[in-house]
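Results of the structural survey
Chain by chain, the residues:
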Amino acid sequence: MTTTPPPSPATGETAFMHELRRLKAWSGLSFRELARRASAAGDALPSSTASTMLGRNRLPRHEVLVAFVRACGLDEEQVRAWADARAGIAAGTPEPAPASAPAPAPEAVPVRRTRAWRRRVLAGAAALGVILAGGAALTLGSDSVETYETTVVR
């Protein structure tokens, strides 16, 4: 492994989250492996929480950040540095970026369509089809019932 990436002097939530994504990539761990490591350290970090956290550009809660950074394999001093950087951004006083280096551009995070999303769309389309078919059957069925009743009564 290369040197542990420290939290860069992020100037906002987006840049900070970019650095957290870099940290996860550096760790080489899957979200499930991170969840197991966090649990072994006595922290709570469900894999879905870690995944959702990295898919957004909002600061995570302090507890989630600490569990995530610790699960990535950082020591307590490094964990404190990440927590301090988060606290500074949350308070609106991020560390100034060095004059020689421009602020890092955030990476584009691909939007993933999940199976659950596809199921919801298909279920909605199926429900709409059933409603339309039911309405057509009622419309057609009412004419034939009236005709039948008219014929029998006369």
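Let us look at the structure shown here. (Residues numbered from 1 in each chain as written. Predicted model: local features only at pLDDT ≥ 70, side-chain atom pairs only at ≥ 80, totals over all residues. Heavy atoms only, no water.)

**Considerations on the environment of Glu63**
Positionally, Glu63 belongs in helix 4 (residues 62-71). Given a relative accessible area of 52%, Glu63 falls into the exposed group. (Helix = DSSP H or I, 4+ residues; strand = E, 2+ residues; numbered from the N terminus. Buried < 20%, exposed > 50% of the residue type's maximum accessible area, 1.4 Å probe, protein only.)

**Considerations on helix 3 (residues 47-54)**
Among all positions in helix 3, only Ala50, Met53 and Leu54 are buried. Along helix 3, the residues classed as buried sweep out an arc of 90° about the axis, all on the same side. Of the surrounding elements, those touching the buried residues of helix 3 are helix 1 (13-27), helix 2 (31-40) and helix 4. (Arc of directions from axis to C-beta. Contact = heavy atoms within 4.5 Å.)

**Comments concerning the packing of helix 2 against helix 3**
Put simply, helix 2 and helix 3 touch, their axes get as near as 8 Å, and they point 120° apart. Compared by their axis directions, helix 2 and helix 3 come out oblique. Both helix 2 and helix 3 take part in a crossing whose hand is right-handed. Side by side, helix 2 and helix 3 meet where Phe31, Arg32 and Ala35 of the first sit next to Ser47, Ala50, Ser51 and Leu54 of the second. Taken together, the residues of the contact of helix 2 with helix 3 sort by class into 4 nonpolar, 2 polar and 1 charged. (Axes fitted to C-alpha atoms, helices over the stretch in contact; angles between N-to-C directions. Parallel < 35°, antiparallel > 145°, perpendicular 65-115°, else oblique. Left-handed = near helix turned anticlockwise from the far one by under 90°. Nonpolar A, V, L, I, M, F, W, Y, C, P; charged D, E, K, R; others polar.)

**What about the packing of helix 2 against helix 4?**
Running from N to C, helix 2 and helix 4 cross one another at 105°; their axes reach a closest spacing of 8 Å. With respect to their mutual orientation, helix 2 and helix 4 come out roughly perpendicular. Contacts from Leu34, Arg37 and Ala38 in helix 2 reach Ala67, Phe68 and Ala71 in helix 4. Residue composition of the contact of helix 2 with helix 4, by class: 5 nonpolar, no polar and 1 charged.

**Quick notes on the pattern of salt bridges**
All chains considered together, the criterion is met by 4 salt bridges. The partner of Arg22 in a salt bridge is Glu19, and the shortest N-O contact between them spans 2.5 Å. With Arg22 and Glu19 both in helix 1 and 3 residues apart, the pair spans about one turn of that helix. Classification of Arg22 by relative accessible area gives partly exposed; the value is 38%. With a shortest N-O distance of 2.9 Å, Arg70 and Asp43 are connected by a salt bridge. Of this pair, Arg70 sits in helix 4 while Asp43 sits in the loop between helix 2 and helix 3; the two residues are 27 residues apart in sequence, bridging distant segments of the chain. (Salt bridge = Lys/Arg side-chain N within 4 Å of Asp/Glu carboxyl O.)

**Digging into the nonpolar core**
Counting residues in each nonpolar core, the largest one holds 27 residues, and the members touching the most others are Phe16, Leu20, Leu23, Leu45, Phe68, Val69 and Trp82. For this core, the secondary structure elements donating two or more residues are helix 1, helix 2, helix 3, helix 4 and helix 5 (76-90). The element that contributes the greatest number of residues to this core is helix 4, accounting for 7 residues. Once you skip the residues sitting within four places of it in the chain, Val69 turns out to touch Leu20, Leu23, Leu74, Val79 and Trp82. (Core = buried A, V, L, I, M, F, W, Y, C linked by side-chain atoms within 4.5 Å.)

**Focus: the packing of aromatic side chains**
Taken as a whole and assessed by the stated rule, the structure comprises 1 aromatic pair. Where Phe16 meets Trp82, the ring centres are 5.7 Å apart and the plane angle is 65°; that geometry is what we call edge-to-face. Taken as a pair, Phe16 in helix 1 and Trp82 in helix 5 lie far apart in primary sequence, 66 residues in all. Over the aromatic face of Phe31 sits the side chain of Lys24, whose NZ or CZ is 4.5 Å from the ring centroid. (Phe/Tyr/Trp six-rings, centres within 6.5 Å; stacked < 30°, edge-to-face > 60°. Lys NZ or Arg CZ within 6 Å of the ring centre and 35° of its normal.)

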